[in-house]
Amino acid sequence: MKTLLFFLALIPLGFAYVKLESAIDPIKMLYTFTGVGGICLLLLSLLPSTCRRLCGLNLLRYRKTIGLLSFIYLLLHVSVFVALDSEFDIANIVQNSLKKPFIYVGFIAFSIVFFMALTSATKKLFARFATYHKAVYLALALALLHSFWAQKVAGVFEHSVILVGIFLLGERVWAWRKRSL
Amino acid sequence: MKKLNPKDITPESLFEARRHFIKLGAGALVSSTAVSQLLAKMPEKTLTYKPDANPLKLTLNTEEQAINYVNFYEFSTDKEKPVKLSKDMKTSPWSVGFFGEIAKEQMIDVEDIIAKFPLEERIYRFRCVEGWSMVVPWIGFPLYKLLDYLQPNANAKYVKFTTRHDPSIFPDQNRGIFSAIKYPYVEGLRMDEARHPLTFIAVGMYGKRLLPQNGAPIRLVVPWKYGFKSIKSLDLIECVTQEPLNTWQAENPKEYGFYANVNPEVDHPRWTQAKERVLGKLGKQATLPFNGYAKEVAHLYKDIDLRKFF
């Protein structure tokens, strides 16, 4: 089942690869495919625990796979930025790009997901760092802000994922307050 | 391998004409209404114009790219959706209003405008503020010829341009507070910018009339400024005293100014403007000051700070 999930999630990447040849603005297309995929998977990775609380359905065993898939998409997204968009001009990235909120907000979000992927590698690491995985909420908020800023003006997709994000985070706050009362 | 002789290649116009002829034949078998519908869609007669010798040896983007990748928010913020959404846009008859500080306010139909001014081709670089660029062969006439005809008076310091506001054509103008930006779309030029010989009114590209998604039937092209200055589907051209508040400056004054000159030194707050993605290519190229037209236009701005007046 997890393998199936894995291949399902990678289908859009294969599609992007096929379309690359004929793409009018290839870098932009790769940004969109990897960015949209990464955000959707990040949102999906928060769904299992919501599902368990709201309808008793336990999908927690898929959470790590979905999270890792999101990491793969975001890693590719960052690679597009470093390799294709900036052409490996690391000095310029550090001096100029990282000063821009749009870029560093995205970069912090990616760093958090990167840290989570690393500390999911073994059971031992996970046991030690699991508490810090709450930082995914910050990563999601920053990633949504980054996507909101990615267009000249935010469109339907950007607004929709923000609404979904607010729902997922809001439900958690609500559940947490109920528990602490 | 046998070499292809250029004279053996079917010209695009003949090729297209043949396709239409075949479609007509097929249509005739179906019904006469089908024929009349197809006739209505026959490409308009080719434009007569003086070709551009392309002294800068610019490499043209394909027509395919230029007609399928557009920013036309009145249809959609998507780059490709306007192609489908604009298919039924009626661009004829279409009158443009000329008002403000000119000798005689009037409305003129686009066909009459075309008849008034000899058409020429201009192969221009086009650089979008979003970081992509292309090279397009426009067909039209320099704006100064139109201004000479309109005779602006001494109070005319700026030219204001407005895209048509017609929700029956443009779906996003129907969405009220949910629209992507505020309409109608407005742009402006200082009078000396408007009178510059590079500033161009286009009615066609790639040898044919403009398609709706590219701003039919008549649009502005200012090659040394970011693409959003090159306003589409013109409804009004006014000579005014005050600097017009252009749409993108009104939307976000921190990010977009009145001048919008292409400038690799002045970044957009969210992304760099040093390089650009040429449509159809995976690599990038350096963006040139004033989009490569510095020799012609830099003198217009010698007295202003381009970082402040971006």
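For clarity, every value in this text was computed on a predicted model and none was experimentally measured.

What counts, and at which threshold
Residues numbered from 1 in each chain as written. Chains lettered and ligands numbered in written order. Predicted model: local features only at pLDDT ≥ 70, side-chain atom pairs only at ≥ 80, totals over all residues. Helix = DSSP H or I, 4+ residues; strand = E, 2+ residues; numbered from the N terminus. Rg over C-alpha atoms; globule rule 2.2 N^0.38 Å. Buried ≥ 20, exposed ≤ 12 C-beta atoms within 10 Å, placed from the backbone. Contact = placed C-beta atoms within 7 Å. Nonpolar A, V, L, I, M, F, W, Y, C, P; charged D, E, K, R; others polar. Pairing = 2+ DSSP bridges. Axes fitted to C-alpha atoms, helices over the stretch in contact; angles between N-to-C directions. Left-handed = near helix turned anticlockwise from the far one by under 90°. Core = buried A, V, L, I, M, F, W, Y, C linked by C-beta atoms within 7 Å. Expected span 1.5 Å × (residues − 1). Parallel < 35°, antiparallel > 145°, perpendicular 65-115°, else oblique. pLDDT = per-residue confidence, 0-100.

Asker: Can you explain the overall build of chain A? Please cite residues and give values.
Answerer: The helix and strand inventory of chain A stands at nine helices and zero strands. Taken from N to C terminus, the helices and strands of chain A fall in the order α-α-α-α-α-α-α-α-α. In terms of overall size, chain A behaves like a compact globule, its C-alpha atoms giving a radius of gyration of 17 Å where 181 residues would be expected to give roughly 16 Å. Here the C-alpha coordinates of chain A stretch approximately 50 × 40 × 35 Å along the principal axes.

Asker: Hey, could you go over the overall build of chain B for me, with residue numbers and the actual values?
Answerer: Of the regular secondary structure elements, chain B holds nine helices and 12 strands. Buried residues in chain B amount to 38% of all 310 residues. Of the contacts formed within chain B by residues at least 6 apart in sequence, a portion of 68% connects residues at least 24 apart.

Asker: Quick one: what's the story with the interface of chain B and chain A, residue by residue and with numbers?
Answerer: The partner chain A presents 16 residues to the 17 residues of chain B that form the contact. Across the side of chain B that touches chain A, the residue classes break down as eight nonpolar, five polar and four charged.

Asker: Explain unusual backbone geometry residue by residue, including any values.
Answerer: Of the consecutive residues Ser92(B) and Pro93(B), the connecting peptide bond is found in the cis state with omega at 0°. A cis amide bond links Ala216(B) with the next residue in sequence, Pro217(B), at an omega value of 0°. Tracing the backbone shows Pro217(B) in the loop between strand 8 (208-209) and strand 9 (219-221). Backbone geometry places Glu87(A), a non-glycine residue, at a positive phi of 50°. Looking at where Glu87(A) falls in the secondary structure, it is placed in the loop between helix 4 (63-85) and helix 5 (90-95). Here the phi dihedral of Phe88(A) falls at roughly 60°; this positive angle occurs in a residue that is not glycine.

Asker: If you had to explain the pairing of strand 7 (residues 200-205) of chain B to someone new, which residues and values would you point to?
Answerer: Residue and element names in this part refer to chain B. Judged by how many residues are buried, strand 7 sits mostly within the fold: six of six residues are covered. Note: strand 7 against strand 9, three bridges, orientation antiparallel. When the bridges of strand 9 are listed, Phe 200 appears paired with Val 221. Taken together, the two bridges between strand 7 and strand 8 define a ladder with antiparallel strand orientation. In the strand pairing of strand 8, Gly 204 is matched with Arg 209. The antiparallel pairing of strand 7 with strand 8 creates a hairpin that spans two residues between the two strands, and Tyr 206 there sits at a positive phi of about 50°.

Asker: Describe in detail the sheet that holds strand 5 (residues 158-163) of chain B, supporting the description with residues and values.
Answerer: Residues and elements named next belong to chain B. Taken together, five strands build an open sheet; the order of strands is 2-1-10-5-6 and the sheet is mixed. The outermost strands of the open sheet, each flanked by one partner alone, are strand 2 (106-109) and strand 6 (186-190). Within the sheet, the average angular offset between the axes of one strand and its neighbour, ignoring direction, is 20°. Sheet analysis places strand 5 next to strand 10 (residues 234-240), joined by six bridges and oriented antiparallel. The partner of Lys 160 across the bridge, within strand 10, is Glu 238.

Asker: Which residues make up the packing of helix 2 (residues 26-45) of chain A against helix 8 (residues 136-149) of chain A, and what values go with them?
Answerer: Residue and element names in this part refer to chain A. The N-to-C vectors of helix 2 and helix 8 enclose an angle of 150°; their axes lie 11 Å apart at closest approach. Considering how the two elements wind past one another, helix 2 and helix 8 form a crossing that is left-handed. Together, Gly 35, Ile 39 and Leu 42 of helix 2 and Leu 140, Ala 143 and Ser 147 of helix 8 make up the contact between the two elements.

Asker: Can you explain the nonpolar core? Please cite residues and give values.
Answerer: In this structure, Trp138(B), Ile201(B), Ala202(B) and Met205(B) are the most contacted members of the largest nonpolar core, which totals 65 residues. Tallying contributions element by element places strand 4 (residues 132-142) of chain B first for this core, with six residues. When near neighbours in sequence (up to four residues on either side) are disregarded, Trp138(B) contacts Glu121(B), Arg122(B), Tyr124(B), Phe200(B), Ala202(B), Met205(B) and Val221(B). With 27 residues, the next largest nonpolar core counts Phe33(A), Leu41(A), Leu44(A) and Ile112(A) among its residues.

Asker: Go over the environment of Gly14(A), please, and point to the residues and values.
Answerer: All names here are of chain A. For Gly 14, the position within the fold is in helix 1 (residues 2-20). Looking at Gly 14, the number of C-beta atoms within 10 Å reads 10, which means it is exposed. Separated by 17 residues in sequence, Gly 14 and Tyr 31 place their C-alpha atoms 14 Å apart.

Asker: Tell me about the environment of Leu47(A), residues and numbers included.
Answerer: Positionally, Leu47(A) belongs in helix 3 (residues 47-55). As a C-alpha pair, Leu47(A) and Leu60(A) span 13 residues in sequence and 8.9 Å in three-dimensional space.

Asker: Tell me about helix 2 of chain A, and please be specific about residues and values.
Answerer: Residues separated by three or four positions in an α-helix point in the same direction, a consequence of the helix having 3.6 residues per turn. For helix 2 of chain A, spanning 20 residues, the distance from its first C-alpha to its last is 28 Å, which sits close to the expected 28 Å at 1.5 Å a residue. Of all 20 residues that make up helix 2 of chain A, 14 are buried, and the element is covered over most of its length.

Asker: Outline the packing of helix 8 of chain A against helix 9 (residues 156-180) of chain A, listing residues and values.
Answerer: All names here are of chain A. Here helix 8 crosses helix 9 at 165°, and the two axes come no closer than 9 Å. In terms of their interaxial angle, helix 8 and helix 9 are classed as roughly antiparallel. Classified by chirality, the crossing of helix 9 by helix 8 is left-handed. Residue-level inspection shows Tyr 137, Leu 140, Leu 144, Ser 147 and Phe 148 of helix 8 in contact with helix 9, the latter providing Glu 158, Val 161, Ile 162, Gly 165 and Leu 169. Within the contact of helix 8 with helix 9, the residues separate by chemical class into seven nonpolar, two polar and one charged.

Asker: Tell me what's going on with the environment of Arg125(B), and back it up with residues and numbers.
Answerer: Residues and elements named next belong to chain B. Tracing the backbone shows Arg 125 in strand 3 (residues 120-127). Here the alpha-carbon distance between Arg 125 and Trp 224, two residues 99 residues apart in the chain, equals 8.1 Å. If we ignore the near neighbours within four places in the chain, the residues touching Arg 125 are Leu 58, Ser 133, Val 135, Pro 223, Asn 291 and Gly 292.

Asker: Outline the confidence of the model for chain B, listing residues and values.
Answerer: When the pLDDT values of chain B are averaged, the result is 91; 85% of them are 70 or greater. Taken together, the chains of this predicted complex give a pTM of 0.87 and an interface ipTM of 0.88.

Asker: Requested: an account of the pairing of strand 6 of chain B, with residues and values cited.
Answerer: Residues and elements named next belong to chain B. Counting buried residues along strand 6, four of its five residues qualify, which places the element largely inside the surrounding structure. Bridge analysis of strand 5 against strand 6 gives five bridges, and the strand direction is antiparallel. Considered in strand 6, the bridge of Phe 161 is made with Glu 187.

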